[in-house]
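# Summary of the model geometry
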Amino acid sequence: MPLCQRLSYSVGHFLNDLCASMWFTYLLVYYHSVLGFMNTYAGILLLAGQVADGICTPLVGYESDRTAGCGTYGKRKTWHLVGTISVLLSFPFIFNPCLGCSEDTPQWVGLTYFVPFIVIFQFGWAATQISHLSLIPELVTNDHEKVELTAFRYAFTVIANITVYAVAWLLFHFQAGPAEDPSVIDSLSHQDIPIFRNLALIVVGIGAVFSLLFHFGTKEKGHSPVEAASDDREKQPLILRALPAQPHSLLQWKHWLKEPAFYQVAMLYMCTRLIVNLSQTYISMYLTNSLMLPKNYIATIPLVMYVCGFVSSLVMKPVNKLIGRNITYFIGLLLILAFAYWVLLDMNMGKSVYGAAVLLGAGSATILVMSLSMTADLIGGQTQSGAFVYGAMSFTDKVANGLGVMIIQSLHPCHTQACCPDCIWFYHHIMVIVTGGVAFVAAIVLCTIMIWPIKIRSRKYLLSTVYKPVATRSIRRV
C-alpha cells in the first residue's frame, strides 16, 4: 500500500480523535467545575453519550455490512461521510452553555437541552469510527501491514490529542496573561466558558479539513456489479474439469456470537478502553483536586502522555514483529501497572507527575494498538461482517465506560461545585483502580488468549463443498 494512501487513510479518524480527546478529558471538568452541574448530572450526560454510542455502534456496523453505499462511492466511505457531518453539526453545542438558560434555570433543563446534541454526536462518532476501522482488513491483508496501518492510525490519534492539549494550553496561557488574581490562574470557574467554546470550534475546524483529505485520498476497494457481469460474459470456458473447491466459510453477525475468540478479544478490548478512557477522564480531576496543581496542568500532563504515546507508536511495528502481539501487549500492561504503583505510593507528586505521565502514555498507546491489531486478526478474511465485529467491540467499550463513570460519580463524596477535602483521597484511589485494577483483569484475559490463540474454531458454518468448473482454455468472445 503506497505511503500516500496510508497517510490519507490514517487521517480519516482525526476529527473523531480530536472530539474524543475533548469529550473524555474535559467533559466532566467543564460541566462540573465550569458550568456548575452536580456530579451526578455531569455523570448522566457522559453516560447518555456512552450508551447512545454503544447502541449506535453495532447497529451502524450491521448496516454498514449490508448496505451498498451511495452509488459507486463505497459503503464504508458513505457511512464515514454521514458520521462526519453529524459530528460537525452537533459537537460545538456540547461545549457551549445552554442557549436561553440563566443562572436561575434548573439544572435538569440544561440536562434536557444537551442530551439531543450528545446523542447526535455519538451517532456520528460511531458511524465514522466503525466505517474507518472496517476499511483496515479491506485495504491490507498482511498481518504486519495491518499492525503498521493501525500504528499509523494511532499515530494520528496521538497527534490529534497533542493538538487539543497544545491549543488548550495556549488558551489558558493567554487567558492568564498579566492577571494578578490567583483564582484566574489556578482554579476553573464560569469565566473559563470562552476557552472551552473556542477550543471546540477550533477542533471541528481542523477535523473537517482532515476529513476532506481522507475522502479525496482513500480509495475503497470494491467490484462494480456491471464490470463483473461484463467480465463473465466475455470469458467462456470451452473445456471444463471438475476440481473440488477449497472449503470456505462466510461468517455472518450471528455466527460471531458463537465464537469463543470473539468474547476473548471483546473482553480484552473493553479492558483496554477502560484503562485509556477512564484515566483520560479523571486525570484532570486528579491533577486539580488531589495534587492541587494549577489548571494549566490539565493541558500539559495529557500533552506529555500523548507525546510519549506517539513515540511508542513509531516503534510498535518492529517490536511486534520481534516478540509478537501478546508479549508487546503485556509490556504495555507493565507500564500501566508501574504508573498505578507510583500513584499509590506518592501522595504528593508535584512536578514528578510528569514522569508518571510518561509511563501512562506509553503503556496506553501500546495496549490500544495491540488490541486493535488483535481485533483485525480475529476478523481475518471475514471482511463481509467486519463492521459488526468492530461495532460489537466498541459496544462493550462504550457501555462499560459509561457505567464506570456513572458509578464513580455516584460514589463522589462531595455534592457541590466546590471540592471538599475528601476529593483528595477519592480521585487518588480512582486513578489507581482505573489503571492498576483494570490492568490486572486485562492480564488475566491476555493469559487466556495465550493459552487459546485467536482463531475461528467452529466449523459448522462451513459452506458445502462444491465442485467448481475449471477452464483449461478460454477465449474472449467477440
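Residues numbered from 1 in each chain as written. Predicted model: local features only at pLDDT ≥ 70, side-chain atom pairs only at ≥ 80, totals over all residues. Heavy atoms only, no water.

Quick look at helix α13 (residues 297-314) now. Quick reminder: α-helices carry 3.6 residues per turn. Residues three or four places apart thus point the same way. The end-to-end C-alpha separation of α13 is 26 Å, in line with the 26 Å expected for 18 residues at 1.5 Å each. By the burial criterion, the buried members of α13 are Y297, I298, A299, T300, I301, P302, M305, Y306, C308, G309, S312 and S313. (Helix = DSSP H or I, 4+ residues; strand = E, 2+ residues; numbered from the N terminus. Expected span 1.5 Å × (residues − 1). Buried < 20%, exposed > 50% of the residue type's maximum accessible area, 1.4 Å probe, protein only.)

To continue, consider unusual backbone geometry. Most peptide bonds take the trans form, and the phi angle of most residues other than glycine is negative. At M292, a residue that is not glycine, the phi angle is positive and equals roughly 55°. Looking at the secondary structure, you find M292 in the loop between α12 (260-290) and α13.

A pair of packed helices can be characterised by two numbers: the angle between their axes and the separation between those axes. At a minimum axis distance of 8 Å, the contact between helix α15 (residues 325-345) and helix α16 (residues 353-379) shows a crossing angle of 150°. Classed by the angle they form, the pair α15 and α16 counts as roughly antiparallel. As for how α15 packs across α16, the hand of that crossing is left-handed. Grouping the amino acids of the contact of α15 with α16 by side-chain chemistry returns 14 nonpolar, nine polar and two charged. (Axes fitted to C-alpha atoms, helices over the stretch in contact; angles between N-to-C directions. Parallel < 35°, antiparallel > 145°, perpendicular 65-115°, else oblique. Left-handed = near helix turned anticlockwise from the far one by under 90°. Nonpolar A, V, L, I, M, F, W, Y, C, P; charged D, E, K, R; others polar.)

The final tally for this structure, using the stated rule, is three cavities of 30 Å³ or more. The computed volume of the largest cavity comes to approximately 290 Å³. Only α2 (14-34), α7 (143-176), α12, α13, α16 and α17 (386-410) provide two or more residues apiece to the lining of the largest cavity. Tallied by class, the residues present in the lining of the largest cavity amount to 10 nonpolar, 10 polar and five charged. Its volume calculated, the second largest cavity comes out at about 50 Å³. Lining the second largest cavity are A20, W23, F24, Q50, D53, F121, Q122, W125 and K398. If you list the elements that add at least two residues to the lining of the second largest cavity, you get α2, α3 (39-66) and α5 (107-134). In the lining of the second largest cavity, the residues fall into five nonpolar, two polar and two charged. (1 Å grid on protein atoms, 1.4 Å probe; cavity = no way out; pocket = protein on both sides within 12 Å on 5 of 7 lines; lining within 4 Å. Points joined across faces, edges and corners; volume = space filled by probe spheres on them.)

Time to look at the side chain of T435. Take T435: it is sitting in helix α18 (residues 422-451). Reaching out from T435, the side chain makes a polar contact with the backbone oxygen of M431 at a distance of 2.5 Å. One polar contact links the side chain of T435 to the main-chain carbonyl oxygen of V432, over a distance of 3.3 Å. Not counting chain neighbours up to four residues away, the residues in contact with T435 comprise I275, S279, I336, F339, A340 and L360. (Polar contact = N/O pair within 3.5 Å; in protein donor to acceptor, adjacent residues only side chain to side chain. Contact = heavy atoms within 4.5 Å.)

Okay, the confidence of the model for the chain next. Of all residues in the chain, 81% have pLDDT values of 70 or greater, and the mean over the chain is 79. Least confident of the elements in the chain is helix α10 (residues 225-234), whose mean pLDDT is 41; most confident is helix α9 (residues 193-217), at 92. Counting contacts from residues 223-248, a segment whose pLDDT is below 50, to residues more than four positions away or on other chains yields 38 contacts. Here residues 462-478 is a poorly scored stretch, pLDDT under 50, and it has 41 contacts once near neighbours within four places are set aside; other chains count. (pLDDT = per-residue confidence, 0-100.)

Moving on, we get to the packing of aromatic side chains. For the structure on display, the rule yields 22 aromatic pairs. With a centroid separation of 6.2 Å and 80° between ring planes, the pair formed by Y26 and Y165 is classed as edge-to-face. Residue Y26 is located in helix α2, and its partner Y165 is located in helix α7; the two are separated by 139 residues in the primary sequence. (Phe/Tyr/Trp six-rings, centres within 6.5 Å; stacked < 30°, edge-to-face > 60°.)

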